[in-house]
Amino acid sequence: MRIAFVGKGGAGKSTIVGTFARLLARTGRDVVAVDSDPMPGLSFALGLPVIERPIPDDAVVEKAEGTEGPRYRLRPGLDATAALQAYGALGADGVRLLSFGKTRGDWGDIIRGQHAWSQILDELPHDRFDLIGDLPGGTRQPMTGWSKYADVIAIVVEPTAKSFATARRLSSLRDSKWAYHHVVAVANRISEPADTVTVAQRSGLRVVGAMPFDEGVASADRLGMAPLDGAPDGPFVAAVAALVEYCVARFDGSLKSQNPIKEAVA
Ligand SMILES: Nc1ncnc2c1ncn2[C@@H]1O[C@H](COP(=O)(O)OP(=O)(O)OP(=O)(O)O)[C@@H](O)[C@H]1O
Ligand SMILES: [Mg+2]
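Calculation notes
Residues numbered from 1 in each chain as written. Chains lettered and ligands numbered in written order. Predicted model: local features only at pLDDT ≥ 70, side-chain atom pairs only at ≥ 80, totals over all residues. Helix = DSSP H or I, 4+ residues; strand = E, 2+ residues; numbered from the N terminus. Rg over C-alpha atoms; globule rule 2.2 N^0.38 Å. Buried ≥ 20, exposed ≤ 12 C-beta atoms within 10 Å, placed from the backbone. Contact = placed C-beta atoms within 7 Å. Near = placed C-beta within 6 Å. Nonpolar A, V, L, I, M, F, W, Y, C, P; charged D, E, K, R; others polar. Expected span 1.5 Å × (residues − 1). Pairing = 2+ DSSP bridges. Axes fitted to C-alpha atoms, helices over the stretch in contact; angles between N-to-C directions. Arc of directions from axis to C-beta.

Student: What exactly am I supposed to notice about the overall build of the protein here?
Tutor: Scanning the protein for helices and strands turns up 12 helices and 10 strands. Taking 2.2 N^0.38 as the reference for a compact globule, 266 residues should give roughly 18 Å; the C-alpha atoms of the protein span a radius of gyration of 18 Å, in line with that estimate. In terms of principal-axis extent, the alpha carbons of the protein reach across some 60 × 40 × 35 Å. Here the protein, with 266 residues, has 46% of them falling under the buried criterion. For the protein, the proportion of contacts with a sequence separation of at least 24, taken over those separated by at least 6, is 69%.

Here it is as structure tokens:
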């Protein structure tokens, strides 16, 4: 299963992804939490410390002049699975966090890690790992190919006018040329069932999960704790568990091979 969560800034993407990844891993699967947000967020939701530079410089080499492709590659002999095992941070429930780092300095400094991160995602075997992705808020990253590893795009939507507008813009990802995406919505911070109906109507998307506002999650966050560590018995974790169950039943395995558009692109 390969799902990327996108949405407006602050909609709840990282909180959902961290919880989803851990609950999925508890079912015995190899789960990679994929972080492409240069700001820390997903680490907290996974219960991990913030990692500044996960992929070391000596894991990456510059391509020879005059050759095609990205400027940096994993060093010869280091394949994607070995790189994930070496540089993906191992968190609670066995989830591996793959991020390219939070370095704030020179752009050239972060790009080595980014190229290696992309190569790992391109080359990890589909039948072994589930990828659960967390993108930065807004449209820029999702619209420029950063979610191309995913078969399913889940847009996190709060019941607010601004969140609906972002969701409608992001829903055009289903037409992206570089990857086939099945696009759905996940409602967050709902306070009554009518909110979920409104999210469906105003986003124009099928809502596959509805996360209630959970005071326990907010309190845990104030202490820097993940929902599963600070509010494991609350309604938010229960709703994410229901979403995991739905996604395993509906989005597992064969979406990519079923889709002629993505096959043509791959
Ligand atoms: N259902 C919920 N109930 C209570 N608090 C929530 C809920 N969902 C998210 N939050 C809180 O809302 C805040 C923003 O959540 P989060 O960081 O996951 O959003 P995000 O979409 O990843 O933000 P960004 O765009 O900045 O990456 C956090 O403090 C989080 O604990
Ligand atoms: Mg986030």
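Student: Just to check I follow, could you spell out the site of ligand 1 for this structure?
Tutor: Taken together, 21 residues surround ligand 1, and among them Gly 12, Ser 14, Thr 15, Gly 137 and Asp 221 come closest. Elements with a contribution of two residues or more to the shell around ligand 1: α1 (13-25), β9 (182-190) and α8 (215-222). Its residues assigned to classes, the shell around ligand 1 comprises 7 nonpolar, 9 polar and 5 charged.

Student: Teacher, can you tell me more about α1 here?
Tutor: Residues spaced three or four apart along an α-helix face the same direction, because each turn holds 3.6 residues. For α1, with 13 residues, the first-to-last C-alpha span of 18 Å sits near the 18 Å given by 1.5 Å per residue. Taken across its 13 residues, α1 has 13 buried, putting it largely inside the fold.

Student: Any chance you could explain the environment of Ile 111 here in plain terms?
Tutor: Looking at where Ile 111 falls in the secondary structure, it is placed in helix α4 (residues 107-123). Each C-alpha atom of the pair Ile 111 and Arg 71 lies 8.9 Å from the other, and the pair is 40 residues apart in sequence.

Student: Is there a simple way to explain unusual backbone geometry in this structure?
Tutor: Negative phi characterises most residues that are not glycine, and trans characterises most peptide bonds. With a phi close to 65°, Asp 93 is a non-glycine residue in the positive phi region. Position of Asp 93 among the secondary structure elements: in the loop between β5 (89-90) and β6 (96-99).

Student: Please explain the sheet that holds β9 as it appears in this structure.
Tutor: One key point about sheets: their strands pair by backbone hydrogen bonds, in either a parallel or an antiparallel sense. Sheet architecture is open: 8 strands sit in the order β5-β6-β2-β7-β1-β8-β9-β10, paired in mixed fashion. Two strands lie at the open edges of the sheet, namely β5 and β10 (207-212), each paired on one side alone. Note that β5 and β6 share 2 bridges and pair antiparallel. Of the residues in β6, the one forming a bridge with Ala 89 is Leu 97. Against the sheet, α1 engages β1 (2-7), β2 (30-35), β7 (129-134), β8 (152-157), β9 and β10, with an angle of about 165° to β7. Of the strands in this sheet, β1, β8, β9 and β10 are in contact with helix α10 (residues 235-251), which crosses β10 at around 165°.

Student: Can you walk me through helix α7 (residues 193-203) in this structure?
Tutor: Listed in full, the buried residues belonging to α7 are Asp 195, Val 199 and Ser 203. Down the axis of α7, the buried side of the element spans an arc of 45°, and every buried residue falls inside it. Set apart from the buried face of α7 by more than 90 degrees, the exposed residues are Pro 193, Ala 194 and Gln 201. In the stretch just after α7, Gly 204 is the one whose phi turns positive, near 75°.

Student: Help me understand the pairing of β9, please; the structure alone is not making it clear to me.
Tutor: Looking down a regular strand, the side chains alternate between one sheet face and the other. The element β9 is largely enclosed, with a buried count of 8 among its 9 residues. Direction of pairing for β8 relative to β9: parallel, over a ladder of 6 bridges. Directly across from Val 156, in β9, lies its bridge partner Val 186. In terms of strand pairing, β9 meets β10 through 4 bridges, oriented parallel. Its bridge partner lying in β10, Ala 185 is registered against Val 207.

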